[in-house]
Amino acid sequence: MILTSREMKALEERAFADGITAEALMEEAGRKIAETVRQFYPFPGKCIVVFGKGHNGGDALVAARHLAEAGWTLEWKPAFPEDKWAPLTRQNWEVVRDIATGPDGRHCILSRPGPQPVIILDGLLGIGAGGALRPPILDATREINRLRATSNARVFAIDLPTGLDSETGAADPDTVIADYTLTISFAKQPLLADAAARFVGRLAVLPLEELSKRASGGNPDGVATAEELQSTLPRRNFDMHKGQCGRVGIVAGSRGFVGAAIMSAEACVRAGAGLITLFATENIYLIVVSAIGPEVMVKPVQSYLEVLEAKTDVLAIGPGLGSGHASEVRQIIEQAPQPMVVDADALNILSDSIHLLDRCAGPRLLTPHPGEMARLDPKSKDRSRRETVEAFTTRWPHTLLLKGSRTLIGQRDHPFSYNTTGSPGMATGGMGDILTGVCAALAGQGLSLYDAARVGAWLCGRAAELAVTVGDESEESLTPTLLFRYLGRAFQDLRAGKG
Ligand SMILES: NC(=O)C1=CN([C@@H]2O[C@H](COP(=O)(O)OP(=O)(O)OC[C@H]3O[C@@H](n4cnc5c(N)ncnc54)[C@H](O)[C@@H]3O)[C@@H](O)[C@H]2O)[C@@H](O)CC1
Ligand SMILES: [K+]
């Protein structure tokens, strides 16, 4: 469920009327903020606490207390003098100050050798924000952005990045650029505005028990968190065999673009498919077999139409395919009864004959990036991402995964689902080929295309962020095939409802 900030405040009021205290909610919020920070950065480092006078600042102080107890060094940057703080904010300061402040005004109980993470908590403004940023908050947001730009500090915004309008999601020019936004209780509408993605970053929703119980109404759209998706991934029975994990056929690759085919097929292997066949035309067959992992069967074909005769449960079509086999591709999209992931060049071929989507013999998951989407639907350039997905799924009976830094998934009669995971390190050619293989593997294991899309996007984003947080990669060094090293951990986190 996604709430407006106004609905969120009304929900809090209902809880207060039932005797739940703001103090108790803040305590739970602060504890969960610290837990989430530690999921991304399990080893303690330095935390710079930038806080305002309201309860958003109070959340930051409670979180800081828990981080201090876990060994983090704290540095304080209050935006206002103490006499301006809300009573609960001050109360939490008194608790944390005694625990966490040494004689030099900084807390230090642990120093580890080697580089330590430096994080900034943005506890300046939350849903109490209104109007353009004003000093001294404005000076503080500029300082956070300066620190982020000039150091390796990672910014965690509490509830909303300060400067994002809490109703519309419009961004003040000095809005905090967060790497992570940890939003309290429910996802808020403004965080999902198209223009907000670059300020919000990786999104995590921290449910508060007493508020979850009382929630009603709201927008039925969802944000895909591990907790939400956990139950969609089936557990395997001990006696399961490869035939039950999905026979996936992949139609991909052409001269100059065999890498796309290889990455899709290997991603399919790493995401659990039972038997993977890559169909390769004679002109690329030898290149493909010499480069691909031994788990993938490579079948030489004269014509891709042979795919229609092969025994498969799921198909994926498009990565690196080029435009040379357009007629065969159209026939496969139309005639194959199996569920199919349609990506890349297959989407470009489809955009010339979009009405074919009315006649498909099986369900289709289309995974365009915004450029491919504009070819499928030229009007999408003038629409918001949500409007684009809505227009497509209203017209066509298929699933759409619209890529981007806030990947959005839709299907008729299903809630729109915003992905939460990811890293700017994913801005590299080939990430989409991995996603195609992962989604096809999940569909092979019995997930509907809608769930395969939601889980696939979550897993790929989670693997990428693990590589740059707990792994040794940076946003620059991350490559698509490096995701394989972290996919296993991403699956484990999904099953644990973590992240
Ligand atoms: N109320 C509750 O029960 C809970 C609230 N929580 C936290 O409390 C937050 C809301 O707290 P508050 O209502 O105290 O509000 P905030 O902490 O968001 O800040 C409001 C204060 O900032 C000032 N302000 C507003 N807009 C400004 C602007 N554009 N420039 C400069 N100053 C501005 C206002 O004068 C006001 O004093 C939530 O976002 C969440 O982080 C959580 O602790 C969970 C429970
Ligand atoms: K904030």
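Remember, it's a predicted structure, so these values are computed and weren't measured experimentally. Every chain is numbered independently, its residues counted from 1 as its sequence is written. A letter from A marks each chain and a number from 1 marks each ligand, given out in the order of writing. The model is predicted, so local features are restricted to residues of pLDDT at least 70 and side-chain atom pairs to those at 80 or more, both for listing and for counting; the totals for chains, interfaces and linings are taken over all residues. Only hydrogens and water are set aside; all other atoms, that is, all heavy atoms of the structure, feed into the side-chain values.

## A word on the coordination of the potassium ion (ligand 2)
The condition is simple: For Na, K and Ca the donor cut-off is 3.2 Å, while for other metals it is 2.8 Å, and in both cases only N, O and S atoms qualify; water is not among them, so sites may look incomplete. Here a helix means four or more residues in a row that DSSP labels H or I, a strand means two or more in a row labelled E, and each is numbered from the N terminus.
Coordination of the potassium ion (ligand 2) by the protein involves Asn 56 (OD1), Asp 122 (O), Leu 125 (O), Ile 158 (O) and Leu 160 (O), with metal-donor separations of 2.6 to 2.9 Å. Written as a sequence motif, the donor arrangement for the potassium ion (ligand 2) is N-x65-D-x2-L-x32-I-x1-L. Placement of the pair is Asp 122 in strand β4 (residues 118-123) and Ile 158 in strand β5 (residues 154-158), with a sequence separation of 36 residues.

## Some details on the environment of Thr 420
To be explicit about the condition: Residues count as neighbours in contact if any of their non-hydrogen atoms are within 4.5 Å of one another. Pairs of N or O atoms are called polar contacts if they sit within 3.5 Å, as long as, within protein, a hydrogen donor faces a hydrogen acceptor (for residues adjacent in sequence, only side-chain-to-side-chain pairs).
Along the chain, Thr 420 turns up in the loop between β18 (417-419) and α15 (431-444). Separated by 25 residues in sequence, Thr 420 and Arg 395 place their C-alpha atoms 26 Å apart. Residues within four places of Thr 420 in sequence aside, it is in contact with Arg 202, Leu 203, Val 223, Ala 224, Thr 225, Arg 406 and Trp 458. Among the polar contacts listed, one links the side chain of Thr 420 to the backbone oxygen of Ala 224, at a separation of 2.8 Å.

## Comments concerning the packing of aromatic side chains
Worth spelling out the cut-off: Each Phe, Tyr or Trp ring, with Trp reduced to its six-membered ring, pairs with another whose centre is within 6.5 Å; inter-plane angles below 30 degrees give stacked pairs, above 60 give edge-to-face pairs, and intermediate values give tilted ones. Buried residues are those whose accessible area, probed at 1.4 Å on protein chains only, stays under 20% of the maximum for their type, while exposed residues exceed 50% and partly exposed ones sit between those limits.
Applying the stated rule across the entire model yields 10 aromatic pairs. Relative to Trp 85, the ring of Phe 51 lies with its centre 5.1 Å away and its plane at 70°, an arrangement referred to as edge-to-face. Separated by 34 residues along the polypeptide, Phe 51 in strand β2 (residues 46-51) and Trp 85 in the loop between β3 (73-78) and α4 (87-100) bring together distant segments of the chain. One exposure class covers both Phe 51 and Trp 85, and it is buried. Centre to centre, the rings of Trp 76 and Trp 93 are 5.0 Å apart; their planes meet at 85°, and the pair counts as edge-to-face. Taken as a pair, Trp 76 in strand β3 and Trp 93 in helix α4 lie far apart in primary sequence, 17 residues in all.

## What about the packing of helix α16 (residues 449-469) against helix α17 (residues 483-495)?
Here is the rule: Where helices are involved, their axes are fitted lines through C-alpha atoms of the stretch in contact, as for all axes, and angles between N-to-C directions lie from 0 to 180°. Handedness of a crossing is defined here by the sense of rotation of the near helix relative to the far one, left-handed for an anticlockwise turn of less than a right angle and right-handed for a clockwise turn.
Running from N to C, α16 and α17 cross one another at 115°; their axes reach a closest spacing of 8 Å. Helix-helix and strand crossings are classified by hand; for α16 and α17 the assignment is right-handed. Across from Val 455, Trp 458, Leu 459, Cys 460, Arg 462, Ala 463, Ala 464, Leu 466 and Ala 467 in α16, the residues of α17 making contact are Leu 483, Tyr 486, Leu 487, Arg 489, Ala 490, Phe 491, Asp 493 and Leu 494.

## Some points on the UniProt feature "binding site: AMP" (unreviewed entry) in the protein chain
Going by this rule: UniProt positions are given in the numbering used here, feature names are shortened, and annotations may be inferred rather than shown by experiment.
When the UniProt feature table is mapped onto this chain numbering, "binding site: AMP" (unreviewed entry) sits at Lys 403, Gly 404, Ser 405, Arg 406, Thr 407 and Gly 432. These annotated residues cover 30 residues of sequence, but their C-alpha atoms sit close together, with the largest distance between any two at 14.0 Å. Locating Gly 404 in the fold gives a position in the loop between β16 (399-402) and β17 (408-410). Its location among the elements puts Gly 432 in helix α15.

## Notes on the site of ligand 1
Applied cut-off: We call a residue near a molecule or strand as soon as one heavy atom of that residue lies within 4 Å of the molecule or strand. Here, Shrake-Rupley sampling with a 1.4 Å probe gives the accessible areas, and only protein chains in the shown set may cover a residue. As a working rule, the residues Ala, Val, Leu, Ile, Met, Phe, Trp, Tyr, Cys and Pro are called nonpolar, Asp, Glu, Lys and Arg charged, and the rest polar, with Gly in that last group.
Taken together, 23 residues lie near ligand 1, and His 55, Asp 59, Gly 126, Gly 130 and Asp 159 sit nearest. One of the side-chain nitrogen or oxygen atoms of Glu 12 is found 3.0 Å away from a nitrogen atom of ligand 1. Separating an oxygen atom of ligand 1 from a backbone N or O atom of Gly 126 is a distance of 2.6 Å. For ligand 1, whose unbound accessible area comes to 870 Å², protein coverage reaches 83%. Every element with two or more residues in the shell around ligand 1 is listed here: α1 (5-17), α2 (22-40) and α3 (55-69). Looking at which element gives the most residues to the shell around ligand 1, the answer is α3, with 3 residues. Residue composition of the shell around ligand 1, by class: 11 nonpolar, 7 polar and 5 charged.

## Things to note about the pattern of salt bridges
Keep this limit in mind: The salt bridge criterion pairs a side-chain nitrogen of Lys or Arg with a carboxyl oxygen of Asp or Glu, the two atoms within 4 Å.
Inspection of every chain in the model, using the stated rule, returns 24 salt bridges. Among the ionic pairs, Arg 359 bridges to Glu 334, the shortest N-O distance being 3.2 Å. Separated by 25 residues along the polypeptide, Arg 359 in the loop between α12 (344-351) and β15 (364-366) and Glu 334 in helix α11 (residues 326-335) bring together distant segments of the chain. Through salt bridges with shared partners, a single ionic network connects Arg 202, Arg 462, Glu 465, Arg 489 and Asp 493.

## Quick word on the UniProt feature "domain: YjeF C-terminal" (unreviewed entry) in the protein chain
Here the UniProt-annotated "domain: YjeF C-terminal" (unreviewed entry) positions come out as residues 225-494. Secondary structure over residues 225-494 splits into 41% helix and 14% strand, and the C-alpha atoms at its two ends are 8 Å apart.

## Observations regarding the pairing of strand β12 (residues 297-301)
What counts is decided by this rule: Two strands are said to pair when DSSP picks up at least two bridges between them.
Where strand β11 (residues 275-281) meets β12, 5 bridges bridge the pair, whose relative direction is parallel. Bridge pairing links Ala 280 to Pro 300 in β12.

## Comments concerning the side chain of Asp 159
Along the chain, Asp 159 falls in the loop between β5 and β6 (180-184). With residues near it in sequence (within four places) discarded, Asp 159 still touches Asn 56, Gly 126, Ile 127, Thr 181, Leu 182, Thr 183, Ile 184, Lys 188 and Leu 191.

## Structural notes on the side chain of His 398
Within the secondary structure layout, His 398 lies in the loop between α14 (385-395) and β16. A distance of 3.2 Å separates a polar atom in the side chain of His 398 from the backbone nitrogen of Arg 364. When residues no more than four places from it in sequence are discounted, the contact partners of His 398 are Leu 357, Cys 360, Gly 362, Pro 363, Arg 364, Leu 366, Phe 392, Thr 393, Gly 410 and Gln 411.

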